[in-house]
Each structure stands twice: as structure tokens, then as C-alpha cells.
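Results of the structural survey
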Amino acid sequence: MTELIKMIENARYLTCFTGAGISTLSGIRDFRGADGLYNDYDADKIFDLAYFHKDPSYYYRHAREIVYTTDAIVPNVVHTTLATLEKRGLLKVVITQNIDILHQAAGSKNVIELHGSAAKHSCLTCHKSYSYAQVLEDIQADIVPKCPDCGGIIKPHITFFGESLPAGALERAIQHAQKSDLMLVLGSSLVVQPAASVPLYCLKNGGRLVMVNQGKTPFDSLFCLHFNDLQSVFEALALHF
Ligand code: ZN
């Protein structure tokens, strides 16, 4: 921990890359872990664009406990400490694979959502935009939200299988990674491409990677420090910063 704190304090361009593992501390179930959602649901179906067109209720029913839970699920010590590091000028950006908007809820301002999020929705027919708050009530009542203007199906701005990543998000993430002399990789098993390749751009340009994640990743040999327990690491960082 002493070494990590020193590295954070001395970093010239510190960034972080976050995945589902940090949301599990907030009570959101992981996708791929031992108790992951993918054991119960056919995740390929929840986030599949073609299936969404066929039956949007499948997404909305299952996404209720992952995405539409802001009243029950609050940011944890990882989110709040990252927001503090940004406020203190130590952290440049949060690059996240998560779609749960918890970084913003904790106060982070500069967040790149590689897979989009449910902060915005829009009508698939007339493209009118709807906020999270506007669709929340229907979803919690188990109703598929429809566009009041044209009756079209409303879809979240989450990147589904079969869709490309939000315009410019990956490019911006790579630019930040290339500038980073230190990147914290938090709660990601680095398997979902192309997002998972982002930390490698830091490494290629001579930056260092620190990993905090339970379980193995394909890139474990590349980290200069590796911790397993997000909660204890960030409780210690929160005390220091
Ligand atoms: Zn519409």
C-alpha cells in the first residue's frame, strides 16, 4: 500500500479503468464471476440487439436489478475515492466498462463510458431522447417504456451485442491511456474486447499498470503491482487521500 500511495502521489498522468468488479461492492451482481448474472440469465440475449427488437421486455425485466436501481444501490468506497482523487487533481479520467452510472453518482466528472449507459434512452422509431428518470417508473412497474409521441420502443444508450461502441469513446480512452504514466485497472477481468485492450496502450507507451481485481486476467504478468481486494485497498486509499 505504501508503494501504491507513493505511485499515485508521484504520477504525472494518472487514469483508471474500471469494470464490473467495482460495482459488486455496491450490491450489483457481477456478470462473469462465480455468482455472476450470466449463470442465471442468458446474457447474450439480454444485451443482444436483434433479440431486443424481437422482445424488449427480456432486457427490461432483467436489467431492473442491474441498471435501474439507483434508489437502492449507492456508490461504494472505490467510486467515492476515485471522485476524491479527481477533485484533488490527481486523477485525469475514469474509463469504465460499467453501465450503472455509479461513478457519476459518486461525483466523478470526467468519465468515459465505453459501453454507454442507461443515463440516456431514445426511441428506436423517432429517435426522441428520454432520461433515466423518465423511463424509470415504467420499468419498475414491469412495463416496457414506449415513446409517448409515436409509440416506438425505447432503448437505453447501452452498447448491445451487435452494436458499435459509442462514437469516439474508445478513441478518447486510448488517447488518455497513451498519455498515462500510471493506470489503475480495477475490477475488470479484461476479457471484453475491444475495451479490454485500453490498458495495453498505457503499457505500450511506457506507462505502468496496477491491478486490483479478484481472480486472474490474461495479462497478469504485465502489472507492476497486483492486489486482490478492492475494498481493503480503497479503504486504505480513502484514509490517506
Ligand atoms: Zn418515438
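Described in the following lines is the structure provided in the data block.

Parameters at a glance
As a convention, each chain's residues are numbered from 1 in the sequence order in which they are written. Where local features are concerned, this predicted model is filtered to residues with pLDDT of at least 70; where side-chain atom pairs are given and counted, the filter is 80 or more; whole-chain, interface and lining totals use all residues. Excluding hydrogens and water, the side-chain values take into account all heavy atoms of the structure. Geometry of aromatic contacts follows a simple scheme: Phe, Tyr and Trp rings, the Trp one being its six-membered ring, pair when their centres are within 6.5 Å, and the pair is stacked under 30 degrees between planes, edge-to-face over 60, tilted otherwise. Only DSSP runs of H or I with at least four residues qualify as helices, and only runs of E with at least two residues qualify as strands; both kinds are numbered from the N terminus onward. Each residue is placed in one exposure class: buried if its accessible area under a 1.4 Å probe, protein chains only, is under 20% of its type's maximum, exposed if it is over 50%, and partly exposed if it falls in between. Two limits define a charge over a ring: the Lys NZ or Arg CZ must be within 6 Å of the ring centre, and within 35 degrees of the ring normal. Here an axis means a line fitted to C-alpha atoms, over the contact stretch when the element is a helix, while the angle between two N-to-C directions is reported on a 0 to 180 degree scale. It is the rotation of the near helix from the far one that decides the hand of a crossing: anticlockwise by less than a right angle makes it left-handed, clockwise makes it right-handed. We call two residues contacting when some pair of their heavy atoms lies within 4.5 Å. For this scheme, ten residues count as nonpolar: Ala, Val, Leu, Ile, Met, Phe, Trp, Tyr, Cys and Pro. Four count as charged, namely Asp, Glu, Lys and Arg, and the remainder, Gly too, count as polar. The term polar contact refers here to a pair of N or O atoms within 3.5 Å; inside protein, the definition further demands a hydrogen-donor-capable atom paired with an acceptor-capable atom, and it admits residues adjacent in sequence only when both atoms are side-chain atoms. The donor set comprises N, O and S atoms within 2.8 Å of the metal, extended to 3.2 Å for Na, K and Ca; water molecules are omitted, so apparent gaps in a site may simply reflect that omission. Pairing between two strands requires that DSSP report at least two bridges joining them. Taking the helix axis as origin, the arc is that swept by the directions to the C-beta atoms.

**Focus on the packing of aromatic side chains**
Working definition: an aromatic ring pair is given by the centre-to-centre distance plus the angle between the planes. Overall, the coordinates contain 11 aromatic pairs when judged by the stated rule. Between Phe47 and Phe160, the ring centres sit 5.7 Å apart and the planes meet at 85 degrees, which makes this aromatic pair edge-to-face. Within this pair, whereas Phe47 is found in the loop between helix H3 (43–46) and helix H4 (49–54), its partner Phe160 is found in the loop between strand S6 (154–158) and helix H9 (169–179), the two being separated by 113 residues in sequence. With a relative accessible area of 2%, Phe160 lands in the buried category. Measuring from centroid to centroid gives 5.6 Å for Tyr51 and Tyr58, while their planes differ by 75 degrees, and the two rings are edge-to-face. One exposure class covers both Tyr51 and Tyr58, and it is buried. Among the aromatic residues, those joined into a cluster by ring pairs are Phe47, Phe52, Tyr59, Tyr60, Tyr68, Tyr132 and Phe160. Over the face of the ring belonging to Tyr58 we find Lys45, whose NZ or CZ atom lies 4.9 Å from the ring centre.

**What about the packing of helix H6 (residues 77–87) against helix H11 (residues 230–240)?**
The N-to-C vectors of H6 and H11 enclose an angle of 35 degrees; their axes lie 9 Å apart at closest approach. At the point where H6 passes H11, the crossing takes the left-handed sense. On H11, the residues touching Val77, Val78, Thr81 and Leu82 of H6 are Leu230, Gln231, Phe234, Glu235, Leu237 and Ala238. Its residues assigned to classes, the contact of H6 with H11 shows seven nonpolar, two polar and one charged.

**So, the side chain of Ser180**
Its location among the elements puts Ser180 in the loop between H9 and strand S7 (182–186). Looking at Ser180, its side chain comes within polar contact range of the side chain of Thr15, at 2.8 Å. Here His176 takes part through its backbone oxygen, which lies 2.7 Å from a polar atom of the side chain of Ser180. Filtering out sequence-adjacent residues up to four positions away, Ser180 remains in contact with Tyr13, Thr15, Cys202 and Gly207.

**Considering the coordination of the zinc ion**
Around the zinc ion, the protein supplies Cys123 (SG), Cys126 (SG), Cys147 (SG) and Cys150 (SG) as donor atoms, at distances of 2.3 Å. Ordering the donors of the zinc ion by residue number gives the pattern C-x2-C-x20-C-x2-C. Taken together, the positions of Cys123 in strand S4 (residues 116–123) and Cys150 in the loop between helix H8 (132–140) and S6 put the pair 27 residues apart, joining distant regions of the chain. Judged by relative accessible area, Cys123 falls into the buried class, the value being 1%. On the basis of relative accessible area, Cys150 is assigned to the partly exposed category, the value being 38%.

**Digging into the sheet that holds strand S5 (residues 129–131)**
Strand order in the open sheet made by the three strands is S5-S4-S6, with antiparallel pairing throughout. Two strands bound the open sheet, and with one partner strand each, they are S5 and S6. In this sheet, adjacent strand axes meet at a mean angle of 40 degrees when their direction is disregarded. Here five bridges tie S4 to S6, and the two strands are oriented antiparallel to one another. Across the sheet, residue Cys123 finds its bridge partner in S6, namely Ile154. Each of S4 and S6 touches helix H5 (residues 56–63); the most contacted strand, S6, lies at about 55 degrees to it. In this fold H8 packs onto S4, S5 and S6, with an angle of close to 75 degrees to the strand it touches most, S5.

**Topic: H8**
In an α-helix, one turn spans 3.6 residues, which is why side chains three or four residues apart end up on the same side. All of the buried residues along H8 are Tyr132, Val135, Leu136 and Ile139. Buried residues of H8 fall within an arc of 125 degrees about the axis and therefore sit on the same side. The outward face of H8, more than 90 degrees from its buried face, is lined by the exposed residues Ala133, Gln134 and Glu137. Residues of H8 that are buried in the fold lie against H5, S4, S5 and S6. Looking one or two residues past H8, Asp142 carries a phi angle of roughly 65 degrees, positive in sign.

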